[in-house]
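Chain residues, written in single-letter form:
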There are 2 protein chains.
Amino acid sequence: MSLPLPRHSIASASIEKRPPLEVGVIRGKETESTHQIHAVIARDDGSLVNWHGDPQRRTFPRSAVKSIQALSLLESGAADRFGFTPAELALACSSHAGTPLHVETARSMLDKAGFEPEALECGAHWPLDEGSARALSRATDDPSPLHNNCSGKHAGFLAVARHLGLDPAGYVAPDHPVQKRVTATLAEMCGVRLSAANRATDGCSIPTYAIPLASLATGFARIGTGASLSAARQAALERLRRGVADNPLLIAGPGRFDSRVTATCGPRVFLKSGAEGVLCAAIPEAGLGIALKAEDGALRASEVAMAWLLLELLPTPTEDQRALLNELHNPTLKNWRGSMVGFLATMVAAGR
Amino acid sequence: MSLPLPRHSIASASIEKRPPLEVGVIRGKETESTHQIHAVIARDDGSLVNWHGDPQRRTFPRSAVKSIQALSLLESGAADRFGFTPAELALACSSHAGTPLHVETARSMLDKAGFEPEALECGAHWPLDEGSARALSRATDDPSPLHNNCSGKHAGFLAVARHLGLDPAGYVAPDHPVQKRVTATLAEMCGVRLSAANRATDGCSIPTYAIPLASLATGFARIGTGASLSAARQAALERLRRGVADNPLLIAGPGRFDSRVTATCGPRVFLKSGAEGVLCAAIPEAGLGIALKAEDGALRASEVAMAWLLLELLPTPTEDQRALLNELHNPTLKNWRGSMVGFLATMVAAGR
């Protein structure tokens with residue numbers, strides 16, 4: 001497939017920088033800390049609706065693009081061959097919290113594709129969900145790769161390798177055929193060139209590529225609208241979006257930002273966080289994509305800024321949606337006894 | 001006691017801002033994230049040796065001033081009355097990791113002063129040390145206030161209350177006589193006025209006060225040199241510094257920055273971190289105090305910047321000291337399989 005490079009691609013002329021969004025951490029009456037957020041709102045044709053900070057900020061999307069990385073799972077035919085359910089497709093797009101639900105869903109994906117957990121090359125870490133981590137620590141001394149927040153994505157990679165008759169070993173390497181497909185899809189969706197020159201290694205050992213924030217926002221607008229994509233890709237994206245919308249806990253976990261927004265906004269917002277303060281979203285009905293990067297890598301700040309932008313950009317939100325986004329835009333700081341001692345908020349510059 | 005306000009106190013004229021220190025998070029060949037650090041290096045007379053960023057940045061020191069908060073424990077006579085050991089004095093200055101060593105030391109302090117753990121008003125949280133948290137979760141469903149990283153400090157407050165014949169209930173409140181003493185000592189050490197106007201509540205429920213960074217640095221210089229302090233306070237500070245230097249694990253925990261620096265530098269560096277990216281140090285032999293605040297609250301950045309400053313400011317470090325500080329200045333980012341994928345470093349501006 002061939003896509004025109006969006007107007008703001010790496011190859012294009014520069015766009016002026018604007019002041020970044022600022023998220024403040026307020027304790028008592030003082031601003032204890034501040035975060036600077038680059039934010040881009042784009043349409044699916046690559047045009048920019050608005051931005052804050054540097055719209056060309058080269059950004060490793062990390063886990064924010066897992067849905068794009070999961071496209072190969074559907075487009076190769078592997079998902080249908082192995083009968084993956086909508087919940088399993090959601091887990092392929094997920095940075096999950098390692099609860100039993102997540103672990104069993106990942107295990108089911110591996111079972112269907114004929115793999116043992118040892119085939120996962122993501123590495124192991126304790127569940128992000130503290131209760132699950134404590135429960136697990138009562139049963140075992142070590143977590144397994146199934147508990148890694150990326151195990152669903154990796155189970156998808158393995159399924160692609162099996163379906164295509166490839167040697168699965170080393171499927172995380174940039175030159176493995178699975179990663180080549182995944183990288184090509186990412187380049188198409190965001191309209192960028194990806195190569196060893198802008199490549200690094202993600203926490204789960206797969207490649208991650210530095211991409212201008214505006215290109216990420218464009219890619220997310222396309223996730224939502226399907227514009228300029230093949231019918232097969234449009235259908236694959238719709239299955240992924242529906243799988244996530246119908247299984248909000250699968251995309252992250254109990255109490256987590258991504259899951260809470262998804263549970264309340266359903267298919268109206270398709271949203272995914274990545275490490276180091278990346279947060280991307282599609283608002284399909286508005287034809288918009290949003291990409292945020294906290295300059296300092298703090299996800300707490302990106303979440304606050306995203307809630308603020310969604311309040312502005314989501315057309316006629318329901319009362320529940322507005323209430324949730326207001327809550328997420330002003331999370332409270334509590335001390336260890338549960339009393340409120342401060343809050344976070346986007347600090348809007350005068351004249352905005 | 002009466003101290004002159006240092007020249008850079010709140011009441012004094014403003015000092016020009018300079019570019020902050022920048023700490024970069026490097027992944028592959030790209031700068032993935034950056035942190036801005038305000039840093040002040042001061043002498044014990046309040047004069048500034050050097051600074052980066054805003055030397056007057058109003059900063060909640062949080063746990064960084066626990067040693068100053070512990071002075072009341074010695075100056076009231078409570079520490080001697082209850083026979084507190086050097087390790088127990090170190091725990092009073094500590095943000096500890098909740099290992100069994102820390103918990104038993106806190107319990108011993110409470111025992112000696114005649115309190116049950118329930119008297120602690122710091123709230124409970126799981127041990128910061130992950131191994132200790134997992135071990136604890138095998139034995140119990142809930143952590144106790146003893147596991148709170150501030151339990152040693154709070155045990156000290158309770159001992160002061162008992163020694164002075166005060167009702168200990170509510171000892172965390174700003175108007176409790178214990179906190180009034182603690183606040184007065186902090187104001188004296190840093191040469192600042194503290195009141196409800198610049199007060200907020202710390203995570204462990206005690207008051208925390210916004211203080212210009214330069215005043216914090218001056219306070220730390222005085223911790224190291226004792227200049228302009230009474231003989232009793234000098235002796236108390238020396239006991240606290242020696243207790244920490246002789247018990248480096250007590251000030252934080254295994255593998256933690258504060259404990260590693262203390263274990264290797266001993267009495268040459270007295271150093272303490274606080275939440276939201278605060279890190280303060282005294283270098284007694286150089287007569288210097290250092291105070292850092294990451295604008296975004298990221299302790300990982302303050303640690304990198306502190307290691308860099310100590311490499312510069314510690315006179316003739318030993319080989320071990322230099323090796324450790326170099327390591328702490330360039331911590332590696334590893335993926336979940338243990339491979340290095342990046343690092344952090346102070347990004348020095350040209351012409352510095």
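About the thresholds
- The residue numbers shown here count from 1 along each chain, following its written sequence.
- Here chains are named by letter from A upward and ligands by number from 1 upward, in the order in which they appear as written.
- Selection of residues for local features in this predicted model requires a pLDDT of at least 70, selection of side-chain atom pairs for listing and counting requires 80 or more, and totals for whole chains, interfaces and linings are taken over all residues.
- As a rule here, side-chain values come from all non-hydrogen atoms in the structure, and water together with hydrogens is ignored.
- The numbering of helices and of strands both runs from the N terminus, where a helix is a DSSP run of H or I of at least 4 residues and a strand a run of E of at least 2.
- Both definitions apply: the radius of gyration is a C-alpha atom measure, and the globule rule equals 2.2 Å times residues to the power 0.38.
- When accessible area is computed with a 1.4 Å probe and restricted to protein chains, residues below 20% of their type maximum are described as buried, those above 50% as exposed, and intermediate ones as partly exposed.
- Throughout, a contact is declared for two residues whenever any of their heavy atoms are within 4.5 Å.
- Using a 1.4 Å probe, accessible areas were evaluated by the Shrake-Rupley method; residue-level cover was limited to the displayed protein chains.
- When charges are counted, Lys and Arg contribute as positive and Asp and Glu as negative, whereas His and the chain ends are disregarded.
- Think of each charge as sitting on NZ of Lys, CZ of Arg, CG of Asp or CD of Glu.
- For this document, the term salt bridge refers to a Lys or Arg side-chain nitrogen within 4 Å of an Asp or Glu carboxyl oxygen.
- Distance and chemistry together define a polar contact, namely a pair of N or O atoms within 3.5 Å, with one atom able to donate a hydrogen and the other to accept it when in protein, and with adjacent residues in sequence counting only for side-chain atoms on both sides.
- In this count, Pro and Cys sit with the nonpolar residues alongside Ala, Val, Leu, Ile, Met, Phe, Trp and Tyr, while Asp, Glu, Lys and Arg are called charged and the others, Gly among them, polar.
- A pair of Phe, Tyr and Trp rings is counted when the ring centres sit within 6.5 Å of each other, with Trp represented by its six-membered ring. The angle between the planes then sorts it: under 30 degrees is stacked, over 60 is edge-to-face, the rest tilted.
- Whether a charge sits over a ring depends on NZ of Lys or CZ of Arg being within 6 Å of the ring centre and within 35 degrees of the ring normal.
- Note: pLDDT gives the predictor's confidence per residue, expressed from 0 to 100.
- Copy-to-copy superposition: least squares on the C-alpha atoms, limited to residues that have pLDDT of at least 70 in both copies.
- Here, any two strands with at least 2 DSSP bridges between them count as paired.
- Any helix carries an expected span of 1.5 Å times its number of residues minus one.
- Helix axes use the C-alpha atoms of the stretch in contact, all axes being lines fitted to C-alpha atoms, and the angles between their N-to-C directions lie in the range 0 to 180 degrees.
- The labels follow the angle: roughly parallel below 35 degrees, roughly antiparallel above 145, roughly perpendicular from 65 to 115, and oblique for the rest.
- Two helices crossing with the near one rotated counterclockwise from the far one by less than a right angle form a left-handed crossing, whereas a clockwise rotation gives a right-handed crossing.
- Along the arc lie the directions from the helix axis toward the C-beta atoms.

Trainee: In this structure, what is going on with the overall build of chain A? I would like to understand it.
Mentor: Along chain A, the regular secondary structure elements total 14 helices and 12 strands. Here the C-alpha radius of gyration of chain A, 19 Å, is about what a compact globule of 352 residues would show, namely 20 Å. Its C-alpha atoms give chain A principal-axis dimensions of about 60 × 55 × 40 Å. Across the 352 residues in chain A, those meeting the buried criterion constitute 63%. Across chain A, every contact between residues at least 6 apart in sequence was considered, and the portion connecting residues at least 24 apart equals 66%. As displayed, chain A offers around 12400 Å² of accessible surface, 52% of which is attributable to carbon and sulfur atoms. Across chain A, the centroid of the 36 positively charged side chains sits 3 Å from that of the 35 negatively charged ones.

Trainee: Can you walk me through the interface of chain A and chain B in this structure?
Mentor: How big an interface is tends to be stated in terms of the accessible area lost upon association of its parts. In this assembly, 51 residues from chain A lie in contact with 51 residues from chain B. Between the two partners, chain A and chain B, sit 8 salt bridges. In this structure, B:Asp141 and A:Arg138 form a salt bridge, with 3.8 Å as the shortest nitrogen-oxygen distance. Counting the contacts that link chain A with chain B gives 33 residue pairs in polar contact (both at pLDDT 80 or more). The element best represented in the side of chain A that touches chain B is strand β2 (residues 30–43) of chain A, accounting for 6 residues. Tallied by class, residues from the side of chain A that touches chain B come to 13 nonpolar, 18 polar and 20 charged.

Trainee: Just checking my understanding: could you explain the pattern of salt bridges for this structure?
Mentor: A side chain with one charge may pair with a side chain of the opposite charge, provided their charged atoms come close. Applying the stated rule across the entire model yields 36 salt bridges over all chains. When the shortest N-O distance is used, the salt bridge between B:Asp202 and B:Arg62 registers 2.7 Å. With a gap of 140 residues between them, B:Asp202 in the loop between β5 (199–201) and β6 (207–209) and B:Arg62 in the loop between β4 (58–59) and α1 (66–69) connect regions that are remote in the sequence. Residue B:Asp202 is classed as buried on the basis of its relative accessible area, which comes to 5%. Each of A:Arg27, A:Glu32, B:Arg62 and B:Asp202 takes part in one network of salt bridges that share partners.

Trainee: Sorry, what's going on with the environment of A:Pro127 here?
Mentor: Residue and element names in this part refer to chain A. Within the element layout of this structure, proline 127 appears in the loop between α5 (100–113) and α6 (130–139). On the accessibility criterion, proline 127 (6% relative accessible area) is buried. Proline 127 has contacts with Ala97, Gly98, Ser132, Ala133, Leu136 and His147, leaving out every residue within four places of it along the chain.

Trainee: Looking at this structure, how should I read the packing of aromatic side chains?
Mentor: Each aromatic ring pair is described using two quantities: the centre-to-centre distance and the angle formed by the ring planes. Counted according to the given criterion, the structure contains 6 aromatic pairs over all chains. Note on B:Phe157 and B:Tyr171: the rings are 6.2 Å apart at their centroids and 50 degrees apart in plane angle, and the pair reads as tilted. With a gap of 14 residues between them, B:Phe157 in helix α7 (residues 151–163) and B:Tyr171 in the loop between α7 and α8 (177–190) connect regions that are remote in the sequence. Relative accessible area serves as the criterion here: at 0%, B:Tyr171 is assigned to the buried category. We note A:Arg18 situated over the ring of A:Trp51; from NZ or CZ to the ring centre the distance is 3.7 Å.

Trainee: Is there a simple way to explain the confidence of the model for chain A in this structure?
Mentor: Fine structural detail should not be taken from predicted coordinates in areas where pLDDT scores are low. All names here are of chain A. Averaged over every residue, the pLDDT of chain A is 94; the share at 70 or more is 95%. Counting interchain partners and residues more than four positions distant, the pLDDT-below-50 stretch residues 1–13 has 36 contacts. Taken together, the chains of this predicted complex give a pTM of 0.94 and an interface ipTM of 0.94.

Trainee: I tried to follow the relation of the copies chain A and chain B on my own but got confused; where do I start?
Mentor: One copy of the chain maps onto the other through a rotation about an axis followed by a shift along the same axis. Overlaying chain A with chain B gives an RMSD of 0.0 Å, the required rotation being 180 degrees about an axis along which the chain moves by 0.0 Å. Both chain copies can therefore be described as sitting about a two-fold axis. Scanning chain A for the C-alpha nearest the rotation axis identifies A:Arg138, at a separation of 2.5 Å.

Trainee: Explanation requested: the pairing of strand β12 (residues 340–347) of chain B in the structure shown.
Mentor: Residue and element names in this part refer to chain B. Where strand β1 (residues 21–27) meets β12, 6 bridges bridge the pair, whose relative direction is antiparallel. Directly across from isoleucine 26, in β12, lies its bridge partner phenylalanine 343. Bridging between strand β11 (residues 332–334) and β12 involves 3 bridges; their strand directions are antiparallel. Paired with leucine 333 across the two strands is glycine 342, which belongs to β12. In this structure, the hairpin formed by β11 and β12 is closed by a connection of 5 residues, where glycine 338 is found at a positive phi of approximately 90 degrees.

Trainee: Explanation requested: α7(B) in the structure shown.
Mentor: Helical geometry note: an α-helix holds 3.6 residues per turn, so side chains three or four residues apart project in the same direction. Residue and element names in this part refer to chain B. The terminal C-alpha atoms of α7 lie 18 Å apart, and with 13 residues this matches the ideal 18 Å at 1.5 Å per residue to within 8%. By the burial criterion, the buried members of α7 are Ser151, Gly152, Lys153, His154, Ala155, Gly156, Phe157, Leu158, Ala159, Val160 and Ala161. Looking at the buried positions of α7, the neighbouring elements they touch are α1, α2 (71–75), α3 (78–81), α4 (86–92), α5 (100–113) and α8. Phi turns positive, to about 70 degrees, at glycine 165, one or two residues after α7.

Trainee: Help me out: how do you make sense of the packing of helix α11 (residues 257–265) of chain B against helix α13 (residues 319–329) of chain B in this one?
Mentor: Angle between the axes and distance between the axes are the two parameters that describe a pair of packed helices. All names here are of chain B. Following both chains from N to C, one finds α11 and α13 inclined at 165 degrees, their axes separated by 9 Å at the closest point. Between α11 and α13, the angle falls in the class roughly antiparallel. In the packing of α11 onto α13, the handedness of the crossing is left-handed. Across the interface between the two elements, Phe257, Arg260, Val261, Thr264 and Cys265 of α11 pack against Asp320, Gln321, Leu324, Glu327 and Leu328 of α13. Of the residues contributing to the contact of α11 with α13, the split by class is 5 nonpolar, 2 polar and 3 charged.

Trainee: For this particular structure, what's the right way to read α5(B)?
Mentor: All names here are of chain B. Relative to the 20 Å expected for 14 residues at 1.5 Å per residue, α5 spans 20 Å between its end C-alpha atoms, a close match to the ideal helical length. Turning to α5, its buried residues number three or more, namely His102, Val103, Thr105, Ala106, Met109, Leu110 and Ala113. Take α5 and look down its axis: the buried residues cluster within an arc of 165 degrees, on one side only. Seen from the buried face of α5, the exposed residues on the opposite side, beyond 90 degrees, are Pro100 and Asp111. Next to the buried residues of α5 lie α4 and α7. Remark: glycine 114 follows α5 within two positions and exhibits a positive phi of approximately 80 degrees.

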